[in-house]
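# Notes for the structure review
Chain by chain, the residues:
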Amino acid sequence: MANGSEPRRARLAQNEVLYRNVNDRIEDLNQVFDAVAAIDGEWVCECSDMSCATPIKTTVAEYEAVRANPRTFMVAPGHVSREVERVVRGNSRFTVVEKLGAPAEVAQQITHEQQAGRRRLGSHSRVCSQALLTA
Amino acid sequence: MRRAEEAREAEDAFRAANRDIAVVARDLNANTLVPFLCECSERACRAILRMPWREYAAIHEHQHRYIVAPGHELLEVEQLVSESPAYNVVEK
């Protein structure tokens with residue numbers, strides 16, 4: 001029998017990927033508005049609670065270090081979902097967690113698909129995104 | 001004038017970011033409330049607004065409409081179209 005909690009775990013992973021996606025866009029914005037947050041940026045907690053939008057302050061380098069691994073996410077202290085992730089490291093501002101098992105695969109797959117999609121869209125992403133939304 | 005241009009630039013950048021977020025949510029077939037960014041004129045704003053991606057797409061079909069957190073409207077240059085506890089819609 002399949003593990004009945006797998007769909008739930010996949011959903012938790014998807015939630016975190018959605019917030020990671022927001023943080024990726026925030027990183028883009030920080031680059032566009034380079035006067036704001038070029039050194040210290042404010043991102044949002046990437047925990048699996050969809051109602052959470054706890055702000056997290058990190059440097060761009062800290063964010064990119066977490067982002068470099070598709071299985072690791074940045075959450076506010078105390079926001080760890082131990083059923084789907086383990087703590088990698090942390091400090092007073094944020095905790096880095098790594099997805100485990102199927103949720104890790106979901107997170108990795110979604111991240112790869114996102115990256116592939118963004119590469120396909122390339123410099124025309126804005127126009128294509130508009131077309132996709134209205135399709 | 002310069003301030004108005006900067007405000008418009010910020011709103012357009014937020015709007016473009018939200019378009020990408022909506023596309024990813026659509027590709028994931030997300031049936032939850034999706035986190036979007038406030039599209040107000042304040043560059044430092046990072047307020048999160050949650051709604052189904054289809055709802056965002058419907059608003060976004062109107063080229064001059066933006067979603068903002070309640071209280072983030074700039075009523076000198078935009079008109080309030082709709083209000084809700086979660087977000088407001090303004091039109092340039």
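Our subject is the structure listed above.
Read on for an overview of the structure. (Residues numbered from 1 in each chain as written. Chains lettered and ligands numbered in written order. Predicted model: local features only at pLDDT ≥ 70, side-chain atom pairs only at ≥ 80, totals over all residues. Heavy atoms only, no water.)

## Things to note about the nonpolar core
Selection rule: What we call a nonpolar core is a set of buried Ala, Val, Leu, Ile, Met, Phe, Trp, Tyr and Cys residues that are connected through their side-chain atoms within 4.5 Å. Burial classes: relative accessible area under 20% of the type maximum marks a residue as buried, over 50% as exposed, and values in between as partly exposed (1.4 Å probe, protein chains only). Secondary structure counts use DSSP, requiring at least four H or I residues in a row for a helix and at least two E residues in a row for a strand, with both numbered from the N terminus. Contact definition: two residues touch when any of their heavy atoms are within 4.5 Å.
If you look at the biggest cluster of nonpolar residues, it comprises 56 residues, and the most contacted ones within it are B:Val34, B:Phe36, B:Leu37, B:Met51 and B:Ile67. Per element, the largest residue contribution to this core is eight residues, and it comes from helix 1 (residues 2-27) of chain B. Setting aside anything within four residues of it in sequence, one finds B:Val34 in contact with A:Leu18, A:Met50, B:Ile21, B:Ala25, B:Leu49, B:Arg50, B:Met51, B:Pro52 and B:Trp53.

## Structural notes on the interface of chain B and chain A
Condition: What gets called buried area is simply the loss in accessible area from a 1.4 Å probe that two parts show on being joined, summed for both. Salt bridge, as applied in this entry: a Lys or Arg side-chain nitrogen positioned within 4 Å of an Asp or Glu carboxyl oxygen.
On the chain A side, the residues contacting the 29 residues of chain B number 28 residues. Taken together, the two surfaces of chain B and chain A that pack against each other cover about 2700 Å², and 69% of this comes from carbon and sulfur. The three residues of chain B that bury the most area against chain A are B:Asp20, B:Leu28 and B:Arg46, which together make up 24% of that side's buried surface. Where chain B touches chain A, the interface holds one salt bridge.

## Some thoughts on the pattern of salt bridges
For the structure on display, the rule yields 13 salt bridges over all chains. Salt-bridge contacts for B:Asp20 lead to A:Arg25; the nearest nitrogen and oxygen are separated by 4.0 Å. On the criterion of chain membership, the pair formed by B:Asp20 in helix 1 and A:Arg25 in helix 1 (residues 6-32) is interchain, its members lying in two chains. Summarising the burial analysis for this pair, B:Asp20 and A:Arg25 share the class buried. Linking B:Asp12 and B:Arg8 is a salt bridge whose minimum nitrogen-to-oxygen distance equals 3.6 Å. With B:Asp12 and B:Arg8 both in helix 1 and four residues apart, this pair spans about one turn of that helix.

## Considering the pairing of strand 5 (residues 95-99) of chain A
Residues in a regular strand project their side chains so that they alternate between the two faces of the sheet. Residues and elements named next belong to chain A. To keep it simple, the criterion reads: When DSSP finds two or more bridges between a pair of strands, those strands are recorded as paired.
Taking burial as the measure, the five residues of strand 5 include five buried ones, the bulk of the element. Along strand 5, one buried face is formed by Thr95, Val97 and Lys99 and the opposite face, lined by Val96 and Glu98, is buried too. Sheet topology note: the strand 3 (residues 72-75)/strand 5 ladder contains four bridges and is antiparallel. Directly across from Val75, in strand 5, lies its bridge partner Thr95. Note: strand 4 (residues 85-90) against strand 5, five bridges, orientation antiparallel. What sits directly across from Glu85, in strand 5, is Lys99. Following strand 4, the chain reverses through four residues before pairing antiparallel with strand 5.

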